[in-house]
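Here is how the chains run, residue by residue.
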Amino acid sequence: MPKIIARWSVFIFALISTNIYAQNTVGEQVLFNTSISDDATPAVLARILRADKEPISEIKFEKGTYHFYPDKAYERFTRISNHDDVMAKTALPLLGFKELIIDGQGSTFIYHGRMIPFLIEGSQNITVQNVTIDWAMPFHSEGTIVANDEKNNTFDVQFSDEYPYEIRNEQLIFLKEYYEHDLGQSILYDPKRQAIAFDTESYTSITTVRNSKVQHNFDKIKYKYKVDPRSKVEKVRGKENNLKVEEIKPGTVRIYNHKKKLPPVGMIMVCKGDQSLNRLAPAFRITGTDGFNANNVTVHHAGGMGLIAENSSDLILDGFHVKPSHGRMVSTSADATHFVGCRGKVVLKNCTFNNQLDDATNVHGTYQEVIDILGDNSIGVRMGHAQQQGFAIGKKNDTIGLVDLQKSFFGYDHLTLKSITPINGRYQIITFNENIPPTLKTGDLIENLEGYPDLVVQNCNISRNRARGLLISNPKNTLIENNFFSTEMEAILVPVESSHWFESGNAANLTIRNNTFQDNQHSGFDRGVIRFVTDDDNDNIAFKNIRIIDNEFNQFDNMILEISNVDGLLFEGNTITNSGTFPMLHPDNPAIKVKASKNIVFKKNRYKGKAKNILETDDTMSKLKFR
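Residue numbering note: each chain is counted from 1, following its sequence as written. Thresholds applied to this predicted model are a pLDDT of at least 70 for local features of residues and 80 or more for the giving and counting of side-chain atom pairs; totals over whole chains, interfaces and linings are not thresholded and use all residues. By convention in this description, side-chain values take in all heavy atoms of the structure and omit both hydrogens and water.

Participant: What should I look at first to understand the packing of aromatic side chains in this one?
Facilitator: A ring pair, where both rings are aromatic, is described by two values, the distance of the centres and the angle of the planes. When two rings of Phe, Tyr or Trp (its six-membered ring) have centres within 6.5 Å they constitute a pair, described as stacked for plane angles under 30 degrees, edge-to-face for angles over 60, and tilted for the intermediate range. Taken as a whole and assessed by the stated rule, the structure comprises 24 aromatic pairs. Residues Phe-517 and Phe-553 carry aromatic rings whose centres are separated by 4.7 Å and whose planes lie at 5 degrees to one another, so their mutual orientation is stacked. Taken together, the residues span a long stretch of sequence, with Phe-517 in strand E45 (residues 516-518) and Phe-553 in strand E48 (residues 552-555) at a distance of 36 residues. Across the pair, Phe-553 and Phe-517 agree in class, each one buried. Put simply, the rings of Phe-32, Phe-61, Tyr-66, Phe-68, Phe-109, Tyr-111, Trp-135, Phe-139 and Tyr-179 pair up and form one aromatic cluster. Each ring is checked for a lysine NZ or an arginine CZ that lies within 6 Å of its centre and within 35 degrees of its normal; such an atom marks a charge sitting over the ring. Here the guanidinium or amino end of Lys-244 rests over the ring plane of Tyr-256, the centre of that ring lying 5.2 Å away. Across from the ring centre of Phe-410, 4.7 Å away, lies the NZ or CZ of Lys-544, which sits over that ring. The helix count covers DSSP runs of H or I at least four residues long, the strand count covers runs of E at least two residues long, and both are numbered beginning at the N terminus. A 1.4 Å probe rolled over the protein chains alone gives each residue an accessible area, and that area as a share of the maximum for its type sets the label: buried under 20%, exposed over 50%, partly exposed in between.

Participant: Whenever I open this one, the pairing of strand E14 (residues 171-176) confuses me. Can you help?
Facilitator: Successive side chains on a regular strand alternate, one facing one side of the sheet and the next facing the other. The buried count for E14 comes to five of six residues, which makes it a mostly enclosed element. Strand pairing is assigned whenever DSSP detects at least two bridges linking the two strands. Of the strand pairs in this sheet, strand E13 (residues 165-168) and E14 are connected by four bridges, and their pairing is antiparallel. Its bridge partner lying in E14, Arg-168 is registered against Gln-171. Counting the residues in the hairpin turn of E13 and E14 gives two residues, including Asn-169, whose phi is positive at 55 degrees.

Participant: When you look at the sheet that holds strand E34 (residues 413-422) in this model, what are you seeing that I'm missing?
Facilitator: In a beta sheet, neighbouring strands are held together by backbone hydrogen bonds and run either parallel or antiparallel to one another. Read around the closed barrel, the six strands follow the order E31-E32-E35-E34-E33-E36; overall the barrel is antiparallel. On average, each strand axis in the sheet is inclined to that of its neighbour by 45 degrees, with strand direction left out of account. Examined bridge by bridge, strand E31 (residues 368-373) and strand E32 (residues 378-383) share five bridges and lie antiparallel to one another. In the strand pairing of E32, Gln-368 is matched with Met-383. A fitted line through C-alpha atoms serves as each axis, taken over the contacting stretch for helices, and the angle formed by two N-to-C directions is quoted from 0 to 180°.

Participant: Could you clarify how one ought to interpret the nonpolar core in this entry?
Facilitator: What tends to happen in soluble globular proteins is that the nonpolar side chains get buried as a cluster. Among buried residues, those of type Ala, Val, Leu, Ile, Met, Phe, Trp, Tyr and Cys that are joined through side-chain atoms within 4.5 Å constitute a nonpolar core. Counting 114 residues, the largest nonpolar core has Phe-284, Phe-292, Phe-320, Phe-532 and Phe-602 as its most contacted members. Considering each element in turn, this core owes the most residues, five residues, to strand E10 (residues 124-135). Between two residues, a contact is recorded if the distance between any of their heavy atoms is within 4.5 Å. Not counting the four nearest positions on each side in its chain, Phe-602 is found in contact with Leu-561, Ile-563, Phe-571, Ile-592, Val-594, Leu-615, Leu-624, Lys-625, Phe-626 and Arg-627. The next biggest cluster of nonpolar side chains, apart from the first, holds 21 residues, and it includes Tyr-163, Tyr-165, Ile-206 and Val-253.

Participant: Whenever I open this one, the environment of Gly-341 confuses me. Can you help?
Facilitator: Of note, Gly-341 is situated in the loop between strand E27 (337-340) and strand E28 (343-349). Assessed through its relative accessible area of 7%, Gly-341 is described here as buried. With residues near it in sequence (within four places) discarded, Gly-341 still touches Asn-311, Ser-312, His-364, Gly-365 and Gly-451.

Participant: Honestly, the sheet that holds strand E20 (residues 244-249) in this entry has me stumped. Any pointers?
Facilitator: Read from one edge to the other, the open sheet built from seven strands follows the order E17-E16-E22-E11-E12-E21-E20, with strand pairing classed as antiparallel. Strands with a single pairing partner mark the edges of an open sheet, and in this sheet they are strand E17 (195-196) and E20. As paired elements, strand E16 (residues 186-190) and strand E22 (residues 268-271) share four bridges and run antiparallel to each other. Its bridge partner being in E22, Leu-188 is matched across the sheet by Met-269.

Participant: Just to check I follow, could you spell out helix H2 (residues 41-49) for this structure?
Facilitator: Helical periodicity: at 3.6 residues per turn, an α-helix aligns residues three or four positions apart in one direction. Within H2, nine of the nine residues are buried, which leaves it mostly tucked inside the rest of the structure. For H2, the complete set of buried residues consists of Thr-41, Pro-42, Ala-43, Val-44, Leu-45, Ala-46, Arg-47, Ile-48 and Leu-49.

Participant: Could you clarify how one ought to interpret the state of the cysteines in this entry?
Facilitator: Should the sulfur atoms of two cysteines be covalently bonded, the bond is a disulfide. Criterion for a disulfide: a pair of cysteine sulfur atoms at a distance within 2.5 Å. In total, this model carries zero disulfides according to the counting rule given. Between Cys-351, a cysteine without a disulfide, and Cys-460, which holds the nearest cysteine sulfur, the sulfur-to-sulfur distance is 4.3 Å. Cys-460 gets classed as buried once you look at its relative accessible area, which sits at 4%.

Participant: For this particular structure, what's the right way to read unusual backbone geometry?
Facilitator: Trans is the common state for peptide bonds, and a negative phi is the common state for residues other than glycine. The residue after Thr-204, namely Ser-205, is reached through a cis peptide bond having omega 5 degrees. Here Ser-205 is to be found in the loop between E17 and strand E18 (209-211). Although it is not a glycine, His-326 adopts a positive phi angle of roughly 55 degrees. A positive phi angle, close to 60 degrees, is found at Asn-565, a residue other than glycine. With respect to the helices and strands, Asn-565 occurs in the loop between strand E49 (561-564) and strand E50 (566-572). On the basis of relative accessibility, which here comes to 2%, the residue Asn-565 falls in the buried class.

Participant: Help me out: how do you make sense of the pairing of E50 in this one?
Facilitator: Among the seven residues in E50, six count as buried, and that is most of the element. The pairing of strand E47 (residues 543-549) with E50 spans six bridges and is classified as parallel. Bridge assignment links Phe-543 to a residue of E50, and that residue is Val-566. By the bridge criterion, five bridges tie E50 to strand E53 (residues 598-603) in an arrangement that is parallel. Within the sheet, the bridge partner assigned to Asp-567 lies in E53 and is Lys-598.

Participant: Which parts of the structure should I look at to understand the side chain of His-258?
Facilitator: Relative to the helices and strands, His-258 is located in the loop between strand E21 (252-256) and E22. Think of a polar contact as two N or O atoms within 3.5 Å of one another; within protein, one of them needs to be a possible hydrogen donor and the other a possible acceptor, and neighboring residues in sequence only count if both atoms come from side chains. In terms of polar contacts, His-258 uses its side chain to reach the backbone carbonyl oxygen of Tyr-203, at 2.8 Å. Side-chain polar atoms of His-258 contact the side chain of Thr-207, separated by 3.1 Å. Apart from residues lying up to four places away in sequence, His-258 is in contact with Asn-153, Phe-155, Tyr-203, Ser-205, Ile-206, Thr-207, Leu-243 and Pro-263.

Participant: How should a nonpolar patch on the surface be read in this particular structure?
Facilitator: Patch membership is restricted to residues that have no salt bridge and whose relative accessible area is over 30%. Joining uses 9 Å for like charges and 5 Å for the nonpolar side chains Val, Leu, Ile, Met, Phe, Trp and Tyr. Per-residue accessibility takes into account occlusion by the displayed protein chains alone, with areas from the Shrake-Rupley method and a 1.4 Å probe. What counts as a salt bridge is simple: a side-chain nitrogen of Lys or Arg found within 4 Å of a carboxyl oxygen of Asp or Glu. Together, Phe-218, Ile-221 and Tyr-223 make up a nonpolar patch on the protein surface, roughly 280 Å² of accessible area in all. Secondary-structure assignment places Tyr-223 in the loop between E18 and strand E19 (239-241).

Participant: How should the confidence of the model for the chain be read in this particular structure?
Facilitator: Should the pLDDT be low somewhere, the predicted coordinates at that spot are not to be read in detail. By definition, pLDDT measures how confident the predictor is in each residue, and it falls between 0 and 100. Summing up the model confidence of the chain, the mean pLDDT is 94 and the portion of residues at 70 or higher is 96%. In the model of the chain, helix H1 (residues 10-13) stands out as the element of lowest mean pLDDT, 29, in contrast to strand E4 (residues 65-68), which has the highest, 99. Of the regions scoring below 50 in pLDDT, residues 1-25 engages in 55 contacts with residues more than four places distant in sequence or in other chains.

In structure tokens form, the structure reads like this:
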């Protein structure tokens, strides 16, 4: 293992409360007992920092509840894909570890403030099992709508003692341990269903900003290079606070100036602060790691994703449960799981992904834009999204595709990677083993053709959350079977996201079978339960070899399936019924829309819904029939 230099004084080592005995010649088995439970950070970290000289094969915890504080935690600057860049603090910096098992033996780890429970980098064959992760104070806040006033356009929210706040310059600020956030992103939960409220898009997000009334000479600012309008600096320009907040009585505040419908009384308003500041403490951060297993792990909360994995391989989650605790509506404040540039196999089985504030999982690569052609075999590339800064597109000798999305969603040529020279978070120099072709031009994109896994999602419950169930941008092989979906937006979204998140990958060889889809898209969006879509508005084929078979769709609204830019889709043996759970939001929709596609087949399906027109197609597929 790489040597980790510890700057700890002798008294910290005296705090270690372990029984250590030799397990084998590879490493020791370490047992922590509950005498360290008030703050386990110093003892656990001290042993980890000695592992270069005293290797560890297994870490066990006597069953109990262990608290972890950041004050004495290991700290390093960390760029995390789809998160904010942070000074990460952790008690478990697993940097360059091999063949390590961490067994909580049924313990609960409670974190305080901005910490990353498991920071795993450059490691091999790591297993985490039998542990529950939670935070003493969540990174989001929840309050009950107790009144609304249409005449004065106000609504009142009551917050329990779990959510301390102050009003600062007429703005509501939630106070946490080592952290605070404003209203920022918000959504409604229905406490009866303990799920995202029906038609929440009519009421949220709460309108926190408006266009600035005064701007002078802003047009004089000119940039030589491309600027991200969603960056922390640029996104606030031209905006000012819209809301005014006042306290009616202790624990109850009144909010003025909201521009959507006033939230209904009895709903739970959930808010997690500004979008560019609220993803900073995932429960698991895994990068550059080959072999990771999570068995019987529960994540009740995290200030970001439950698990984010980058440039890693062979990740198996069996019984990985993301669900809220303590009567909270929300579990993680972003995705339950997320995989970027991963390869080998990714398996999610027997998992629960409930009540998170984003998707259950997202599997994709990363597009990087060619900014400079620097020589015969070198280019300069730019990271498109602020939360992709520092991302390495691959490793030596990986196959890199060259893409011009105006012409095709598939690469027109490929090269092999020789080296990456990071210049700053946004800009890198990429050198190839071969000379670049004359067809390459600035504005083209590159993607790693090897940075995708064989994906399996089996026997999972995906429900009650904000946003989607699964986002699949995976050209390898994907099997989604025997799962239950009930999500606020699409149950399964198959995209090419090339303009905002710059997430690469054209799905192919995708099988969706024996799943149950129950009342998805219930927040108000006019979209299908399963949806194929590209950011680029053209008729080029993006997705191939799709099989959707033997599923049950029990949907309150009409739209089941949106097919776009697909070559080869079989929809067979599916049953579609109308649940009647909610009133229909888009009664004029068909059940299925097809455009810019070919080789689409429907057969042996049963339709018992309420759409007047089951199938709607563009002119190229006017003879297509639903069967």
